Amino acid sequence: MRRLTSHFFLGGLAALAAAVSGCGDNSVTCGDGTHDEGGYCLPDNTAACGTGTIEMNGTCVPDGSVVCVQGTVFDPATGTCVVDPSACADGTTLVGGECIPDDDLLMGAADHVEAAEPNAGPAVAGSFDAPGLDASTTFYGCITAYEDADSDGNLDADYDAWLVNASGPMVLEVTTDGIHGLSAGFIAVSADAAHPVELDSWQRIGINLTGDTAKREIYLPAAGRYALFVTDARSLFLGDAGAGNADTCYFATVKQVAMPTAVPLTTPVQASTDDGKVKLFTYTGAEGGLLDLSMNTTAPALSPAFVSLRGTTLHKAAAGDPPFDTIGGLAAGDVVSVIVDSVYNYGVAPQAFTIDSFAPAAQALPTDGSTITVTDNNVDGATSYTDINYSYFDVATAGVKRFDVTASIPVDMVILRRDIFTPGGSFDTFASIDGFLGGAGTDTFTTQFIKFLTPGRYYFATLNPAGDNAGGTYTITSTVADVAVGALTYGTDSGSQTLATTSGFHSLDLTNPEWIEYGVTGTTDWGTGNVAVDAYPSTAEGWLRTGTAPATPAAGNTYPDHTSAQPAVAPFAPTGRIMLGDARDFLLRVRPTATPGAAATYSLLVGDRPHVTLGPVVAGTPLVRTNMDPTAAGAVTRYLVTGQSGDRLTAAVTPTVATVDIAVSRRNRDESIPTGGTANAGGNGATESVSSLFANGWVAFTASNLGTATTNLSLNLTATLPIQFVDICATGTELPAPFDGNADDDYSAVQTLPAGFTFPYFGQNPTEYIVAGNGFMVFGNTNPTCSFGCFSNGTIPSATQPNGIVAPYWDDLDTVQVCVKEEATKVTVQWTGNLYNSATTVQFQTILNSNGQIDFVYGPNQAANGSSATVGAESIDGATGIQLSRNVAGSVAPSSSISFTTP
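Residues numbered from 1 in each chain as written. Predicted model: local features only at pLDDT ≥ 70, side-chain atom pairs only at ≥ 80, totals over all residues. Heavy atoms only, no water.

*Asks:* Looking at this model, I keep getting lost on the overall build of the protein chain. Mind explaining?
*Replies:* Assigned secondary structure in the protein chain consists of 3 helices and 71 strands. Across the 903 residues that make up the protein chain, the buried fraction comes to 51%. At a minimum sequence separation of 6, the contacts of the protein chain that also span at least 24 residues come to 73%. When the accessible surface of the protein chain is totalled, it reaches about 36300 Å², and 52% of it is carbon and sulfur. (Helix = DSSP H or I, 4+ residues; strand = E, 2+ residues; numbered from the N terminus. Buried < 20%, exposed > 50% of the residue type's maximum accessible area, 1.4 Å probe, protein only. Contact = heavy atoms within 4.5 Å. Areas by Shrake-Rupley, 256 points an atom, 1.4 Å probe, with all protein chains shown as cover.)

Written out as structure tokens, the structure reads:
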């Protein structure tokens, strides 16, 4: 009942629109529970409402079936049209205080006339500047329903678009008067790309279901362009049912009127009525104060809406059920304006509404170590935000601040941004300290660091989770202090720095490095602990948590990208990270993990990691590197190879010393080795090979010398183009339900390879297989015993079921379609669907070639990237296998492929 659909008709009146079975031709046949009124099928009244009205929520409102002609007005008591002594006679229209006949004279009296039809779509009927205060302008046009290209036999509504240019915020009185049977109505929307995002969904509707004239005031919240769409009000009311012909026209007047006199907002409830006039309420804030607003009504004919201003600045265009807003961070004397002009009101009489408000007091959070006393608002065990206690603090300059806060009782703590809530209504959390609205509470938040990118007012909110102290008091003692951040030069040691008991901070600007290393050393006693380095992107803000992974609470405001720890007075043993394609700068934090020794110091260095960059490697042109890159016993040589994303790199590495054994390992961005990413099958002098997708335009790998002598290395790098994905569902066979787009944890019936088709697989030649909805097929085990379709992707190889799997993308999938295509030299199985309970799509194939090669081919709609999937193949007994990746993001990419053979 409160919203308008994107087609501009009243979605809340869908029950009436669904009952319409005719086109207003006075010859309709109505179904059960409906009756014919003026050619429309309308629901039978179930309450004692008169003709032309229908009961909604105990109120009789117009149903659009009785539209009064010029010179008459609707009488809701009788459901009839009675003489309106103040109106012009039928066949005339009021223009500038004079009744003008509805003929060519009327068109000539308009300041603007509709452009020639057709003017639907991007075309406009006309445009004009909004008139000055107390001045008006007029425009004229006709509404002709038309048959759309869908040829469904129904007429579609004609919307005349008039562009209005406003010089600033203003109130317009808009009147659309229908002529020759048109019940004129209109919609106003923002039509200016320069408008603030708050106006993206702003719209106001003028509609009159009992007459041919719609009239109301509209508040335009900002300067710029707006669109007025004029049409027949019955098209608005009854959906896309078109109304009008070549003779049904309108005469419209737009007048700028003065902003209404401000009325001080009464809290907590302001009662008023919507009579088509704009209402203005104002509230004057106290220092640190908040104002939470919602507009409520029980009137079914009213869709409430308001615009709020902080001073003269637009804050929100609020609509919905109910519309709401919270304005925080107020200073003493700040004025909040609430301008009410509802989305629509089709009631015959003014409709009642209330503005419900909550204005909690807030006090300043101490920043100097002093104490405040808080009166506990909690009355119901943390079920309402009104139970929260608010303290405000101001951030004068962006940067890192140290917080030391203690409370006399355990409380939930959170730092919120200025307006407390996001536009969607959830808490605008800057730093969640103790599971806000659900934590056990804490009395200590000390020696913690928070980074602010934006100066301004913030709130430190507390809540007593026990709910046992309502009206009582507790204390908060706090200190907030600026923290110095020293600039670090890339590739240059920081020099001796004091190792504080808390943390030292450094900013680091990077200029497109490829592979970096970072770490700390010390020449003095670090005490019993180590020293850790945490890295946070310079664009991140919030609580600078420590650890090896991003913290889950709050609003994504922490990003400990990598952490390294060094033993006391240790040689430099840095951590590495590949930065190619990562253009971020960082804030680095150096901290002891225990109390440091006396006069402890550290030196921090971030610079290039020794490595060899090769490439780009192009498909069809191997890159050969012979007898180079000397690698000492126990040492590692790092390689970074560039190539075309989607191509697959195969790197073959051979030691030149025959007595040396090497291992070759693929490396992730953080230098970790993906599962199954190391090749060390050969012995001394043997060539080792790894294969990896150029998922981000690069592949990194290392060659480790496992021997006792130094050796040079020879490399042969080849890239292969991906196999082109060809959708086989049009030419192959779709497996029956549920594999028709509904498969989840299902297995297919037993499938048989074509007669004469021999497929070598781990030394066997299986002929039967089943297909699993979760992205794999199984040879030799036609009844896997794991639960729920083996939805949990495992490791290859494993004696655990399922065994004998061929897994192009083993993950928890649903809405899966499976197709099979058999050809002379290959059999293709294709999966199409989604990750379980997700919109992330999968599209991949297994191609079994008669020569034993297995191709995994990923289509252009393969959005899942491998972060939760296993890719590989396993012998029927589960003893051996080839695991290409498991839970590695970027190991699978759209329009890519992997080819391999089994032993």
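From this point, things continue past the structure.
*Asks:* When you look at the pairing of strand β37 (residues 442-452) in this model, what are you seeing that I'm missing?
*Replies:* For a regular strand, side chains alternate in direction, first toward one face of the sheet and then toward the other. Where strand β35 (residues 399-421) meets β37, 8 bridges bridge the pair, whose relative direction is antiparallel. Note on β37: the bridge partner recorded for Lys-401 is Ile-450. Both β37 and strand β45 (residues 542-543) contribute to a ladder of 2 bridges, which runs antiparallel. Within β45, the residue paired with Lys-451 across the bridge is Gly-542. (Pairing = 2+ DSSP bridges.)

*Asks:* How should the layout of surface pockets be read in this particular structure?
*Replies:* Vacant regions in the atomic arrangement are exposed by a probe of water-molecule size rolled over the atoms. Its boundaries defined by the atoms lining it, the second largest pocket holds a volume of some 920 Å³. Forming the walls of the second largest pocket are 35 residues, and the residues nearest its centre are Arg-648, Arg-666, Ser-691, Ser-692 and Leu-884. Elements with a contribution of two residues or more to the lining of the second largest pocket: β53 (648-655), β54 (662-667), β55 (678-679), β56 (688-693), β57 (698-705), β70 (881-886) and β71 (896-901). Examining the composition of the lining of the second largest pocket, we find that 5 residues originate from one element, β56, more than from any other. Residues that form the lining of the second largest pocket fall into these classes: 15 nonpolar, 16 polar and 4 charged. (1 Å grid on protein atoms, 1.4 Å probe; cavity = no way out; pocket = protein on both sides within 12 Å on 5 of 7 lines; lining within 4 Å. Points joined across faces, edges and corners; volume = space filled by probe spheres on them. Nonpolar A, V, L, I, M, F, W, Y, C, P; charged D, E, K, R; others polar.)

*Asks:* Can you walk me through the packing of aromatic side chains in this structure?
*Replies:* Where two aromatic rings form a pair, the distance of their centres and the angle of their planes describe that pair. One pass over the structure, following the stated rule, counts 29 aromatic pairs. Measuring from ring centre to ring centre gives 5.2 Å for Phe-445 and Trp-543, while their planes differ by 80°; the resulting arrangement is edge-to-face. Note that Phe-445 is positioned in strand β37 and Trp-543 in strand β45, a separation of 98 residues in sequence. Cluster of aromatic residues (ring-pair linked, three or more members): Phe-393, Phe-403, Phe-430, Phe-452 and Tyr-458. Here the basic side chain of Lys-316 rests over the ring of Phe-324, its NZ or CZ set 3.9 Å away from the ring centre. (Phe/Tyr/Trp six-rings, centres within 6.5 Å; stacked < 30°, edge-to-face > 60°. Lys NZ or Arg CZ within 6 Å of the ring centre and 35° of its normal.)

*Asks:* When you look at the state of the cysteines in this model, what are you seeing that I'm missing?
*Replies:* Defined simply, a disulfide is a covalent bond joining two cysteines at their sulfur atoms. Throughout the structure, instances matching the rule amount to 3 disulfides. One disulfide in the model links Cys-142 with Cys-249; its S-S distance is 2.0 Å. Around the S-S axis, the bridge from Cys-142 to Cys-249 shows a dihedral of about 80° and counts as right-handed. In this pair, Cys-142 sits in strand β11 (residues 136-142) while Cys-249 sits in strand β20 (residues 249-257), placing the two residues 107 residues apart along the sequence. Classification of Cys-249 by relative accessible area gives buried; the value is 5%. Residue pairing for Cys-786: its cysteine sulfur links by disulfide to Cys-790, the two sulfurs lying 1.5 Å apart. The sign of the S-S torsion, about 55°, decides the handedness of the disulfide formed by Cys-786 and Cys-790: right-handed. The class for Cys-786 is partly exposed, based on a relative accessible area of 22%. (Disulfide = S-S within 2.5 Å.)

*Asks:* Is there a simple way to think about the sheet that holds strand β49 (residues 601-608) in this case?
*Replies:* The strands making up a sheet associate through hydrogen bonds between their backbones, and the pairing can be parallel or antiparallel. Read across the sheet, 4 strands follow the order β41-β49-β43-β47 without closing on themselves; strand pairing throughout is antiparallel. The open sheet has two edge strands, β41 (497-498) and β47 (575-578), and neither has a second partner. As paired elements, strand β43 (residues 515-521) and β49 share 6 bridges and run antiparallel to each other. By the bridge assignment, Tyr-518 is partnered in β49 with Val-606.

*Asks:* What is the right way to read unusual backbone geometry from this model?
*Replies:* Glycine aside, residues mostly have negative phi angles, and peptide bonds mostly take the trans form. Of the consecutive residues Thr-267 and Pro-268, the connecting peptide bond is found in the cis state with omega at 5°. Within the fold, Pro-268 resides in the loop between β21 (263-264) and β22 (269-274). In this model, Asn-512 sits at a positive phi of 50°, which is unusual for a non-glycine residue. Summarising the element assignment, Asn-512 is placed in the loop between β42 (504-508) and β43. Residue classification places Asn-512 among the exposed residues on the basis of a relative accessible area of 64%.

*Asks:* In this structure, what is going on with empty space enclosed by the protein? I would like to understand it.
*Replies:* Tallied over the full model, the rule gives 3 cavities of 30 Å³ or more. Lining of the largest cavity is provided by Val-164, Leu-172, Val-174, Ala-188, Ile-218, Leu-220, Tyr-226, Ala-227 and Leu-228. At 3 residues, strand β19 (residues 224-232) tops the list of elements feeding residues into the lining of the largest cavity. Residues of the lining of the largest cavity, tallied by class, amount to 9 nonpolar, no polar and no charged.

*Asks:* Would you take a moment to explain the side chain of Asn-389 for this structure?
*Replies:* Assignment of secondary structure puts Asn-389 in strand β34 (residues 389-395). On the accessibility criterion, Asn-389 (6% relative accessible area) is buried. One polar contact links the side chain of Asn-389 to the main-chain amide nitrogen of Asn-377, over a distance of 3.4 Å. Of note is the side chain of Asn-389, whose polar atom sits 3.3 Å from the side chain of Tyr-474. If sequence neighbours within four positions are ignored, Asn-389 has contacts with Val-374, Thr-375, Asp-376, Asn-377, Phe-460, Ala-461, Thr-462 and Tyr-474. (Polar contact = N/O pair within 3.5 Å; in protein donor to acceptor, adjacent residues only side chain to side chain.)

*Asks:* Explain the sheet that holds strand β15 (residues 170-179) to me, please; I cannot follow it from the model alone.
*Replies:* Spatially, β9-β11-β20-β15-β18 is the arrangement adopted by the 5 strands of the open sheet, whose pairing is mixed. Both edges of this open sheet fall to β9 (112-113) and β18 (213-220), since each of them pairs with a single strand only. Both β15 and β18 contribute to a ladder of 8 bridges, which runs antiparallel. Paired with Thr-175 across the bridge in β18 is Lys-215.

*Asks:* It is not clear to me how the pattern of salt bridges should be interpreted in this structure. Could you clarify?
*Replies:* Pairs can form between side chains of opposite charge whenever their charged atoms are close. Using the criterion set out here, one finds 16 salt bridges in the structure. Put simply, Arg-204 and Asp-341 hold a salt bridge, and the shortest N to O gap is 3.2 Å. Taken as a pair, Arg-204 in strand β17 (residues 203-206) and Asp-341 in the loop between β29 (335-340) and β30 (344-345) lie far apart in primary sequence, 137 residues in all. Put simply, Arg-609 and Glu-517 hold a salt bridge, and the shortest N to O gap is 2.9 Å. On the criterion of sequence distance, the pair formed by Arg-609 in the loop between β49 and β50 (612-617) and Glu-517 in strand β43 is long-range, its members being 92 residues apart. Residue class for Arg-609 comes out buried when judged on its relative accessible area of 9%. Given the relative accessible area of 15%, Glu-517 is considered buried. Taken together, the shared-partner salt bridges in this structure form one network comprising Glu-287, Asp-394 and Arg-457. (Salt bridge = Lys/Arg side-chain N within 4 Å of Asp/Glu carboxyl O.)

*Asks:* In this structure, what is going on with the confidence of the model for the protein chain? I would like to understand it.
*Replies:* Detail in the predicted coordinates should be disregarded across regions flagged by low pLDDT. For the protein chain, the mean per-residue pLDDT works out to 85, and 82% of the residues sit at or above 70. In the model, residues 1-30 has pLDDT below 50 throughout and makes 80 contacts with residues more than four positions away in sequence or in other chains. (pLDDT = per-residue confidence, 0-100.)

*Asks:* Hey, could you run me through the environment of Gly-707 in this one?
*Replies:* Turning to its location among the elements, Gly-707 is positioned in the loop between β57 and β58 (711-720). With 23 residues separating them in the primary sequence, Gly-707 and Asn-684 have C-alpha atoms 8.1 Å apart. Contact partners of Gly-707, with chain neighbours within four places excluded, come to Ala-633, Gly-634, Val-660 and Asp-661.

*Asks:* How should I be thinking about the environment of Gly-456 in this particular structure?
*Replies:* By the secondary structure assignment, Gly-456 is in strand β38 (residues 456-463). With 39 residues separating them along the chain, Gly-456 and Arg-417 place their C-alpha atoms 9.0 Å apart. Filtering out sequence-adjacent residues up to four positions away, Gly-456 remains in contact with Phe-393, Asp-394 and Val-395.

*Asks:* Help me understand the nonpolar core in this model?
*Replies:* Taken as a class, soluble globular proteins show a tendency for nonpolar side chains to be buried jointly. Phe-139, Trp-162, Leu-172, Trp-202, Leu-220, Leu-228 and Tyr-250 are the most contacted members of the largest nonpolar core, which totals 37 residues. Breaking this core down by element, the ones donating at least two residues are β14 (160-166), β15, β16 (184-190), β18, β19, β20, β26 (305-310) and β27 (313-319). In this structure Phe-139 touches Ala-110, His-112, Phe-128, Trp-162, Leu-228, Val-230, Tyr-250, Phe-251, Ala-252 and Val-254, once residues within four positions along its chain are discounted. Counting residues in hydrophobic clusters, the runner-up holds 36 residues, among them Leu-753, Tyr-761, Leu-813 and Phe-856. (Core = buried A, V, L, I, M, F, W, Y, C linked by side-chain atoms within 4.5 Å.)

*Asks:* So what exactly am I meant to see when it comes to the pairing of strand β67 (residues 841-849) here?
*Replies:* Counting buried positions along β67 gives 8 out of 9 residues, so the element sits mostly inside the fold. Once strand β66 (residues 826-835) ends, the chain turns through 5 residues before running back antiparallel as β67, passing Asn-837 with a positive phi of about 55°. Strand direction decides the pairing type here: β67 and strand β68 (residues 853-858), joined by 5 bridges, are antiparallel. The residue of β68 that forms the bridge with Phe-844 is Tyr-858. Hairpin geometry of β67 and β68 is characterised by an intervening segment of 3 residues between the two adjacent antiparallel strands and by a positive phi of about 95° at Gly-852.

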